[in-house]
Amino acid sequence: MKSEKIKKRTHRRTIQISLTIMPVCLLLIFGIVSGLLYVREINRQISRSLEITALQLKQRCDEILEQTAQVYGELLKEEDIRRILCGKLPGMSSYSYIRDVIGRLGGPDYLKNYISGFSYLNLEHEWVLSNRGMYTFSELNNQEEIDRMLDDELILQNWKRKFWLNGTDMEQDKSRCHVPLAGLSYIILEPLISSPIQGALVVNMNTDTMFRSIYRPESGYELLIYDANGDAVYTTAPDLTASAGELLEDITPSAGQDFRKSGMKFYGMVSPSTGCFYLAACRPADFGSLMAGFAVIFGLLMLAAMILALFVRRAYERIYRPVSQLISQTQRLNSENTEITDEFLYLQQNLSRLYQDNSEMEQRLESHIGQLTELLMRRLLGGEIGEAEILNQQKQLGIRSRNCYAMISVTLKGGERSNMESMLLLIAGSIPGEILQMMLMPPYWNGTEILFLAGADKENEISSGVEEFLVKLEEYIVMRTGYSVRAAVSNVYYHLTRTNHAYYECLEARKCEAVYYADVADRKEIRVIYNINLEKQLAEAIGSGDLDKSCSLFEEFMEWLMKSNARLYEQSMILYRMLTTILTAANNAGISVNEVFQDARHNVYQGLYKLYHPEEIREYFIGEVIKPVIHALNNTRSGAADQVWNRIVALIQENEGDITLAECADILGYHPGYIWRVMKSRADMTFADYLLSYKLDLAKKLLEETDMSVADIAARLHYNSPQNFIRFFSKMEKTTPGKYRTLHGKIRETEGEPQK
């Protein structure tokens, strides 16, 4: 193909002039304007960064403090804890209960790092229980500090019974009989609404660990925290404590406040729940370093502009070269041989066609987004996808990331199952968009229910949004189908990797006939008594190879399990125990589980883990476990039982009856139960009875055909003494060995005489 001649009209000259003038002009304008904008932008960024830092500090501290207050408020309501704390000083007989109470008052795992200890003062009976031990008021060495804490006008008037105490000015005392009040402590006085005070709980916060987890020195900002009285609780800059404390009066609870003082920038916020003040500060040195950096960068840019202006006349050919190469490649791709009069117009036309092709590909991809989204939901429910892959899938499918999520399960009531399943499928594809505004993904139908994944940035938003969604959805379904709705909502969770756990919570809520799983979690735990008798019957049925009886017993087992009050995790443990029982019964019957499930990919435990609905579990156990096990068991017995019988007989003969059932099973490589059943089916006697019969026949033979003494015969048959052998022989034959030999010899002589 001949190379194309491109008419060089005005484009190349325009490029040359533009490359010469535009960079210099733009950089000059930039130098003039940037000086003004940069300073303002620095202030804006610093203010914004301070605001974010103060907000993060407030949120993290409030989260820890509020969780601490909530947890210990709930703990003091528990009857078993109050029984110990509100009574008299317990004795050593209650040691286990006291140890349990101390462990629970030490705080849950997610708060243990932030709590250094606790002390409960029983003011009525004058004794103290703490993480350091238990002692009476007479041993207490800071009684005056406790009295000053309780001698508060608001406390005496019943207005102040839960409060945070800032004791940063107090000295630390780690002695056993000391109630620590140094640092930050949370106080709960009992009772909450009446006098006199009968008890006081003091929870000591580990402020060093707490604030170390929040403060990041590399941020370059200083953090200051004050209590509701304006006293400093924590600071990274002690020299700023006094000046920053003067700003607290100007901070309003409704919003944060930006301040300047002594050449420094401050941003302060106040917590409505705890009353604490949170401030972030930026030192003047940070401004100077930023301005110096700006001056250096601006100077380098101006130097680059001058160098570019000097060499641009020679460089424009190289700059234009990619355009020429792009035109050549475009011509080769299009197999064209036409004259080009305007190179940019030619490229524009081809790019437009490329854009059209790309749009067609995007449309094809959009047609498959529904299937890809459904696949993502299925993998989330199965717990088969990690966090990195989830983020990648969200980006590809256009699914927004949120801070909070909730799973919603919806089924229908009042109809046949087949009709409801088809109705659910119809509903899943026809729900109006205004109802699904809060949902991150389209409704997912799994055959028996519709699943919705809700998302929001805050917990209160997702709670109110879910309630509004359920009301609208129920109105729509009732109007569309006439069926009533049964919904189940999981707890709020924060990572999509926990979607499968949220689905379990929906199933648990529906099983307990509740809408919200939170209501189920608050109920009293009910202990399930396992049906051992039914398990034993099923194991015996499988061991005997009775398929019909095994299936019937498992149906009865599933019916019992569904009627029990077991929660989902308890049901899972019960099902795993039953699965283990079935496999153990198969092994006891003489077959290997590896022989039944030869495919390495077929893991019966993993297969059970992915099932949720009772019908699926029932079909899996019967079709994938019980039937294959019994089929393999019957095949093994019908084909190998005779061979095993012959090997058992040969082994007994080789050892002349001196062998046990366990030794025989170990040599042959079978379970003793299987050997016992083979003996029973072939000889209609137990292994022990067969050994006795064999020894008796061998003894008779030796008495009849040899002249061995009774003692020698007893030794050969491995009896400890001739008397034991004589006792055994007499019991079985009703005569002694000597008489048997005499009688048998007479019979032989009589039988051997010729007839007259």
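Residues numbered from 1 in each chain as written. Predicted model: local features only at pLDDT ≥ 70, side-chain atom pairs only at ≥ 80, totals over all residues. Heavy atoms only, no water.

## Remarks on helix 4 (residues 143–150)
Item 1. All buried positions along helix 4 are accounted for by I146, M149 and L150. Buried residues of helix 4 fall within an arc of 90° about the axis and therefore sit on the same side. Every exposed residue of helix 4 that faces more than 90 degrees away from the buried side is listed here: E144 and R148. (Buried < 20%, exposed > 50% of the residue type's maximum accessible area, 1.4 Å probe, protein only. Helix = DSSP H or I, 4+ residues; strand = E, 2+ residues; numbered from the N terminus. Arc of directions from axis to C-beta.)

## Points about the packing of helix 16 (residues 532–543) against helix 17 (residues 547–563)
Item 1. Interhelical geometry of helix 16 versus helix 17 gives an angle of 160° and a closest axis separation of 9 Å. The angle between the axes of helix 16 and helix 17 places the two elements in the roughly antiparallel class. Both helix 16 and helix 17 take part in a crossing whose hand is left-handed. Residues L534, Q537, L538, A541 and I542 of helix 16 form the contact with helix 17, whose own contacting residues are K549, S550, L553, F554, E556 and F557. (Axes fitted to C-alpha atoms, helices over the stretch in contact; angles between N-to-C directions. Parallel < 35°, antiparallel > 145°, perpendicular 65-115°, else oblique. Left-handed = near helix turned anticlockwise from the far one by under 90°. Contact = heavy atoms within 4.5 Å.)

## Some thoughts on the environment of S693
Item 1. You can see S693 is positioned in helix 24 (residues 687–705).
Item 2. S693 sits 36 residues away from G657 along the chain, and the two C-alpha atoms are 9.3 Å apart.

## Topic: the confidence of the model for the chain
Item 1. Averaged over every residue, the pLDDT of the chain is 78; the share at 70 or more is 81%.
Item 2. Contacts from residues 1–10, a stretch scored under 50 in pLDDT, to residues over four places away or in other chains number 20 contacts.
Item 3. Note on residues 746–756: pLDDT under 50 across the span, and 1 contact to partners over four residues away in sequence or across chains. (pLDDT = per-residue confidence, 0-100.)

## Examining a nonpolar patch on the surface
Item 1. Together, I29, V33 and L37 make up a nonpolar patch on the protein surface, roughly 250 Å² of accessible area in all.
Item 2. Secondary-structure assignment places V33 in helix 1 (residues 11–75).
Item 3. Owing to a relative accessible area of 37%, V33 belongs among the partly exposed residues under this scheme. (Patch = residues over 30% accessible without salt bridge, like charges linked within 9 Å, V, L, I, M, F, W, Y side chains within 5 Å. Areas by Shrake-Rupley, 256 points an atom, 1.4 Å probe, with all protein chains shown as cover. Salt bridge = Lys/Arg side-chain N within 4 Å of Asp/Glu carboxyl O.)

## Quick look at the sheet that holds strand 15 (residues 484–489)
Item 1. Across the sheet, 4 strands lie side by side as 13-14-12-15; this open sheet has antiparallel pairing. Strand pairing shows two members of the sheet lacking a second neighbour, strand 13 (444–445) and strand 15, which therefore form its edges.
Item 2. Sheet topology places strand 12 (residues 404–413) next to strand 15; 6 bridges connect them, and they run antiparallel. The residue of strand 15 that forms the bridge with K413 is S484.
Item 3. Contacting strand 12, strand 14 (450–456) and strand 15, helix 14 (residues 499–511) runs over the sheet at an angle of about 40° to strand 12. (Pairing = 2+ DSSP bridges.)

## Overview of helix 17
Item 1. With 17 residues, helix 17 should reach 24 Å at 1.5 Å per residue; the first-to-last C-alpha distance of 24 Å fits that figure.
Item 2. Those residues of helix 17 that sit buried are S550, C551, L553, F554, F557, M558 and L561. All buried residues of helix 17 fall inside an arc of 165° around its axis, so they share one side. Looking at helix 17, the residues exposed on the side facing more than 90 degrees away from the buried face are D548 and K563. (Expected span 1.5 Å × (residues − 1).)

## Points about the side chain of N142
Item 1. Tracing the backbone shows N142 in the loop between strand 3 (133–136) and helix 4.
Item 2. From its side chain, N142 meets the backbone oxygen of V179 in a polar contact 2.6 Å long.
Item 3. Beyond its immediate stretch of four places on either side in the chain, N142 contacts H178 and V179. (Polar contact = N/O pair within 3.5 Å; in protein donor to acceptor, adjacent residues only side chain to side chain.)

## Section: the packing of aromatic side chains
The description of an aromatic ring pair rests on the distance of the ring centres and on the angle between the ring planes.
Item 1. A full pass over the atoms with the stated rule returns 12 aromatic pairs.
Item 2. Each ring, one from F557 and one from W560, has its centre 5.8 Å from the other, and the planes form 35°; the classification is tilted. One end of the pair, F557, and the other, W560, are both in helix 17, 3 residues apart, so they sit about a helical turn from each other.
Item 3. Assessed through its relative accessible area of 1%, F557 is described here as buried.
Item 4. On the numbers, 5.5 Å between centres and 70° between planes, the contact of F729 with Y740 is edge-to-face. Taken together, the positions of F729 in helix 26 (residues 722–733) and Y740 in helix 27 (residues 737–752) put the pair 11 residues apart, joining distant regions of the chain. For the pair shown, F729 and Y740 are each scored as buried.
Item 5. Put simply, the rings of F554, F557, W560, Y620 and F621 touch in pairs and so form one group of aromatic residues.
Item 6. Of note, K695 hangs over the ring of Y719, and the distance from its end group to the ring centre comes to 5.2 Å. (Phe/Tyr/Trp six-rings, centres within 6.5 Å; stacked < 30°, edge-to-face > 60°. Lys NZ or Arg CZ within 6 Å of the ring centre and 35° of its normal.)

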